[in-house]
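Here is what each chain is made of, one letter per residue.
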Amino acid sequence: MFRICKEFHFCASHSLDTLPEGHKCAGLHGHNYIVYLELESETLDDTGFIIDFHELDTFKAYIDEEFDHKHLNNVMDLPPTTENVAYHFYTWCKARWPQTSAVRVSETPKTWAEYRPRPAS
Ligand SMILES: Nc1nc2c(c(=O)[nH]1)N=C([C@H](O)[C@H](O)COP(=O)(O)OP(=O)(O)OP(=O)(O)O)CN2
Ligand SMILES: [Zn+2]
């Protein structure tokens, strides 16, 4: 199995309104997000690529237009947790690139969340 990954960055604010009052992450705050898009394939094209990294520029454009310097509560239908941001990006990428295997999102240098579907049995 071949696997590739490309990293994307954006800055955004959010408040986790579903957290109990007093939780430090319930109020308005921001993060420097890092998104890791992973794709995998058993085969390569004639160039020797799973996909040209440059084809993923549309994902960068989507992030820049819809997420960068935005308030995520206004952008997403679900609470803007790292888990939900990862799932949102996974579904967006999977619809365009079937080789998409996982999306990992990091809000802080010490934490990340990933959406990776369970392998078909
Ligand atoms: N499972 C999740 N837990 C938390 C999320 C999340 O998206 N998923 N988000 C937050 C906060 O939004 C934010 O990420 C703060 O995280 P935290 O680890 O508290 O960040 P700190 O840098 O302040 O951590 P310290 O351990 O205090 O250095 C919270 N939880
Ligand atoms: Zn946060």
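This structure is a prediction, so every number in the text was calculated from the model and none was measured. (Residues numbered from 1 in each chain as written. Chains lettered and ligands numbered in written order. Predicted model: local features only at pLDDT ≥ 70, side-chain atom pairs only at ≥ 80, totals over all residues.)

Student: Help me out: how do you make sense of the overall build of the protein in this one?
Tutor: For the protein, the count of helices and strands is three helices and five strands. Written out in order from the N terminus, the α and β elements of the protein read β-β-α-β-α-α-β-β. By the burial criterion, 21% of the 121 residues in the protein qualify as buried. Contacts spanning at least 24 positions in sequence make up 60% of the contacts within the protein whose residues lie at least 6 apart. (Helix = DSSP H or I, 4+ residues; strand = E, 2+ residues; numbered from the N terminus. Buried ≥ 20, exposed ≤ 12 C-beta atoms within 10 Å, placed from the backbone. Contact = placed C-beta atoms within 7 Å.)

Student: Would you explain the UniProt feature "binding site: Zn(2+)" (unreviewed entry) in the protein in this entry?
Tutor: The sites that carry the UniProt feature "binding site: Zn(2+)" (unreviewed entry) are, in the present numbering, His-14, His-29 and His-31. Judged by maximum C-alpha separation, these annotated positions cover 18 residues in sequence but sit close together in space, the widest gap being only 8.3 Å. Take His-14: it is sitting in strand 1 (residues 2-14). Judged by the 12 C-beta atoms lying within 10 Å of it, His-29 is exposed. (UniProt positions renumbered as here; feature names shortened; annotations may be inferred.)

Student: Quick question: what am I supposed to make of the environment of His-23 here?
Tutor: You can see His-23 is positioned in the loop between strand 1 and strand 2 (29-41). His-23 gets classed as exposed once you count the C-beta atoms within 10 Å, which come to 10. Each C-alpha atom of the pair His-23 and Phe-2 lies 42 Å from the other, and the pair is 21 residues apart in sequence.

Student: How should the site of ligand 1 be read in this particular structure?
Tutor: Taken together, the neighbourhood of ligand 1 is formed by Leu-16, Cys-25, Thr-81, Thr-82, Glu-83, Glu-107, Thr-108, Thr-111 and Ala-113. If you list the elements that add at least two residues to the shell around ligand 1, you get helix 3 (82-96), strand 4 (100-108) and strand 5 (111-115). Residue composition of the shell around ligand 1, grouped by class: three nonpolar, four polar and two charged. (Near = placed C-beta within 6 Å. Nonpolar A, V, L, I, M, F, W, Y, C, P; charged D, E, K, R; others polar.)

Student: Looking at this structure, how should I read the pairing of strand 5?
Tutor: Here is the key point about a regular strand: its side chains alternate between the two faces of the sheet. Note that strand 4 and strand 5 share four bridges and pair antiparallel. Within the sheet, the bridge partner assigned to Val-105 lies in strand 5 and is Ala-113. Between the antiparallel neighbours strand 4 and strand 5 lie two residues. (Pairing = 2+ DSSP bridges.)

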